[in-house]
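Take a look at the letters that make up each chain.
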Amino acid sequence: MRPPFRDLRSWLAYLAETDRLYAARPGVSLKYELAAFSKRTETKRALIFPQPGGHAIPVVSNLLADSKWMADALGVPQSQLLARFQEAARNPLASVEVKSAPAQDVLHRKVDLAAMLPIPTHNALDSGAYITAGLMIARNPETGVQNISIHRCQVSGPDRLGVLLLPRHTMAYTHIAERKGVALEVAIVIGVDPATLLSSQAIAPLDFDELGIAGALHGMPVEVVKCVSNEVRVPAGAEIVIEGTIAPHEREPEGPFGEFPQYYGPRIDSHVMRVTAISHRKRPIFHTIVGGSMEHLILGEIPREATLLAHLQRNFPEVKDVYLPRGGVCRYHLVVQIEKRHEGQAKNIIMGAFGGHYDLKQVVVVDTDVNIHDPDEVQWAIATRFQADRDLIVVSGAQGSKLDPTARDGVSAKMGLDATKPLGVDPFVFTRISVPGQDEVDLSSLRKVEDAASVLA
Ligand code: MN
């Protein structure tokens, strides 16, 4: 195992060493073509695009093709990924401030976003170019505590971004700023390592600086530097920093934008960020995440799984593992693996899971002999261990995801399936068939037949 990677460049170097980084021809178009290459390779390859749309700054995409890549980036076996993330969230390491930083090698106070940065347009009905892999760092105007999150940022003008804020922490800071009648100081940080990207997605309390999780995952504090035009502290090793403010009470049309459920979020009046400065490394790299791509899905998946696992294990030590499969857009469907000890337990666990996150719409509980990461195995458990009249829970009219197109303004039904074996039946009934020696036979002893007749003779 390698030590964790602490900046984008070392992660790209490792992807190249391990045959996972591929370069496109120079000059791929920023409108759709760059996203098209990325989607076609999203589960296999990281991509680098030299001179995209004739722009001097290269773009990288698909930095995380599955959760195994994230485990590699953190330097842990895949089986330890959720535990490592939970441990880092419990024991954050505070950032340390430095005076000078590569992220500020080049400074622009007069800005033109589209001219200065290679910002792609991803899905067909997107309203235009979006910054999608930028960590928004906002500073609580009262306490100075920073929050990190990722928002879709529409290029609305040379120095204006339309920013969709959900009712979480950045929005809470805008409310504090609006109450005080001041602009909220923010920065958008592009081009960081996978651990820092992951930390931004932690489901943490308000006024918890998520960069501390990145420090814990790195095994050393993240070095931060003060922005040149405001008080926000940003990672010193980042590729690009866009500094600015979110003006009180200002809203502008933003969207549509292709989102994780594989549908478009509609055009709405969103917050506006006014850009005050852009700094970057010498020869910087721009990272983009295609909306709804694998990278988008798994960045939300891992922190949610870690949080749901911890939430369930507090009350149900029988819970062994959880998984948010891709078919459930890594948000809506949960599979829970349990070591069942009591009849009825799975239904309690289903109800507990729905209390863990409002996005969950379907929960399937299976036994420990079912591989929860294999959708066919889960389907098999439902096929052979589930009866709808006995093992199904349906709850109507609960809070769900507003991005689910069948929810009515976020009101949604919940479905729970107990696909565990009943206790106390003759064990023979649920004994899985198996062929002795299947795992041990030496496949390299098989030889290719060129001429069937010669073998049959
Ligand atoms: Mn937060």
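A quick note: this is a predicted structure, and the numbers were derived from the prediction, not measured.

Conventions adopted
- Residues numbered from 1 in each chain as written.
- Predicted model: local features only at pLDDT ≥ 70, side-chain atom pairs only at ≥ 80, totals over all residues.
- Heavy atoms only, no water.
- Helix = DSSP H or I, 4+ residues; strand = E, 2+ residues; numbered from the N terminus.
- Rg over C-alpha atoms; globule rule 2.2 N^0.38 Å.
- Buried < 20%, exposed > 50% of the residue type's maximum accessible area, 1.4 Å probe, protein only.
- Contact = heavy atoms within 4.5 Å.
- Areas by Shrake-Rupley, 256 points an atom, 1.4 Å probe, with all protein chains shown as cover.
- Lys, Arg positive; Asp, Glu negative; His and termini not counted.
- Charge placed at Lys NZ, Arg CZ, Asp CG, Glu CD.
- Salt bridge = Lys/Arg side-chain N within 4 Å of Asp/Glu carboxyl O.
- Donors = N, O, S within 2.8 Å, 3.2 Å for Na, K, Ca; no water.
- Core = buried A, V, L, I, M, F, W, Y, C linked by side-chain atoms within 4.5 Å.
- Domains from an automatic or database assignment.
- Pairing = 2+ DSSP bridges.
- Axes fitted to C-alpha atoms, helices over the stretch in contact; angles between N-to-C directions.
- Buried area = accessible area lost by both parts, 1.4 Å probe.
- Nonpolar A, V, L, I, M, F, W, Y, C, P; charged D, E, K, R; others polar.
- Phe/Tyr/Trp six-rings, centres within 6.5 Å; stacked < 30°, edge-to-face > 60°.
- Lys NZ or Arg CZ within 6 Å of the ring centre and 35° of its normal.
- Expected span 1.5 Å × (residues − 1).

Quick look at the overall build of the protein
Across its full length, the protein holds 13 helices and 23 strands. For the protein, whose C-alpha radius of gyration is 24 Å, the value lies close to the compact-globule estimate of 23 Å for 457 residues. Overall, the C-alpha framework of the protein stretches about 75 × 60 × 40 Å when taken along its three principal axes. Counting all 457 residues of the protein, 53% fall into the buried class. At a minimum sequence separation of 6, the contacts of the protein that also span at least 24 residues come to 70%. When the accessible surface of the protein is split by element, carbon and sulfur atoms take 54% of a total near 20,900 Å². Taking the 48 positively charged and 53 negatively charged side chains of the protein as two groups, their mean positions are separated by 4 Å.

So, the side chain of D391
In this fold, D391 is placed in helix α12 (residues 388–391). There is no salt bridge for the buried D391, and the closest opposite charge comes from R390, which lies 4.7 Å off by N-O distance. Those residues in contact with D391, other than ones at most four positions away along the chain, are K347, R385, F386, G416, L417 and D418.

Some points on the coordination of the manganese ion
Protein coordination at the manganese ion: the donors are N147 (OD1), H169 (ND1) and E210 (OE), at 2.0 to 2.2 Å from the metal. Of note, the donors binding the manganese ion are all from one chain and are spaced N-x21-H-x40-E. In this pair, H169 sits in helix α6 (residues 169–180) while E210 sits in the loop between α7 (194–199) and α8 (211–218), placing the two residues 41 residues apart along the sequence. Assessed through its relative accessible area of 11%, H169 is described here as buried. Assessed through its relative accessible area of 2%, E210 is described here as buried.

Describing the nonpolar core
As a rule of thumb, nonpolar side chains are buried together in soluble globular proteins. The biggest cluster of nonpolar side chains holds 77 residues, and the ones touching the most others in it are W11, L64, V234, V319, L334, V336 and V363. With eight residues, the single largest contributor to this core is helix α9 (residues 294–315). For this core, the two domains that each supply at least three residues are domain 1 (8–292) and domain 2 (316–424). Residues contacting W11, with those up to four places away along its chain left out, are F5, L63, L64, W69, D72, A73 and P194. Counting 35 residues, the second-largest nonpolar core is a separate cluster that includes V111, I119, V163 and M273.

Quick word on the sheet that holds strand β19 (residues 319–323)
With respect to topology, five strands assemble into an open sheet ordered β19-β20-β21-β23-β22, the strand pairing being mixed. Either end of the sheet is taken by a strand with one partner, and the two such strands are β19 and β22 (392–399). Within the sheet, the average angular offset between the axes of one strand and its neighbour, ignoring direction, is 20°. As judged from the four bridges shared by β19 and strand β20 (residues 333–338), these two strands associate in the antiparallel manner. Across the sheet, residue V319 finds its bridge partner in β20, namely I338. Along the sheet, helix α11 (residues 375–385) contacts β20, β21 (362–367) and β23 (411–418); its crossing angle with β21, the most-contacted strand, is approximately 80°.

Focus on α8
For α8, a buried count of eight out of eight residues is recorded, marking the element as mostly surrounded by other parts of the structure. Taken residue by residue, α8 has L211, G212, I213, A214, G215, A216, L217 and H218 as its buried positions. As for α8, its buried residues are in contact with α3 (67–74), α4 (81–90), β8 (146–150), α7, β12 (223–226) and β13 (233–235). Positive backbone phi, at 80°, marks G219, one or two positions downstream of α8.

Digging into the domain arrangement of the protein
On domain assignment, one finds that the protein holds domain 1 (8–292) and domain 2 (316–424). Across the contact, 10 residues belong to domain 1 and nine residues belong to domain 2. Interface area for domain 1 against domain 2, summed over the two sides, is near 740 Å², with a carbon-plus-sulfur share of 73%. Our count for the domain 1 to domain 2 interface comes out at one salt bridge. Between E42 and R326 there is a salt bridge, with its nearest N and O atoms 2.7 Å apart. Tallied by class, residues from the side of domain 1 that touches domain 2 come to five nonpolar, three polar and two charged.

Details of the pattern of salt bridges
Within this structure, the stated rule accounts for 27 salt bridges. Here E17 ties to R2 by a salt bridge, and the two come within 2.7 Å at their closest N and O atoms. Here R2 lies in the segment before α1 (8–17) and E17 lies in helix α1, a separation of 15 residues in the sequence. The partly exposed category is assigned to R2, whose relative accessible area is 38%. Here E231 makes a salt bridge to R233, at a shortest N to O gap of 3.2 Å.

What to know about the packing of aromatic side chains
Under the defined criterion, the tally for this structure stands at six aromatic pairs. Each ring, one from F260 and one from Y332, has its centre 6.0 Å from the other, and the planes form 70°; the classification is edge-to-face. Taken together, the positions of F260 in the loop between β15 (257–258) and β16 (264–265) and Y332 in the loop between β19 and β20 put the pair 72 residues apart, joining distant regions of the chain. Taken individually, F260 and Y332 each receive the classification buried, so the pair is uniform in this respect. One Lys or Arg, R432, reaches over the ring of W380 and ends 4.0 Å from the middle of that ring.

Focus on α9
Helix length check: α9 (22 residues) gives 32 Å between terminal C-alpha atoms against 32 Å at 1.5 Å per residue, within 8%. Judged by how many residues are buried, α9 sits mostly within the fold: 16 of 22 residues are covered.

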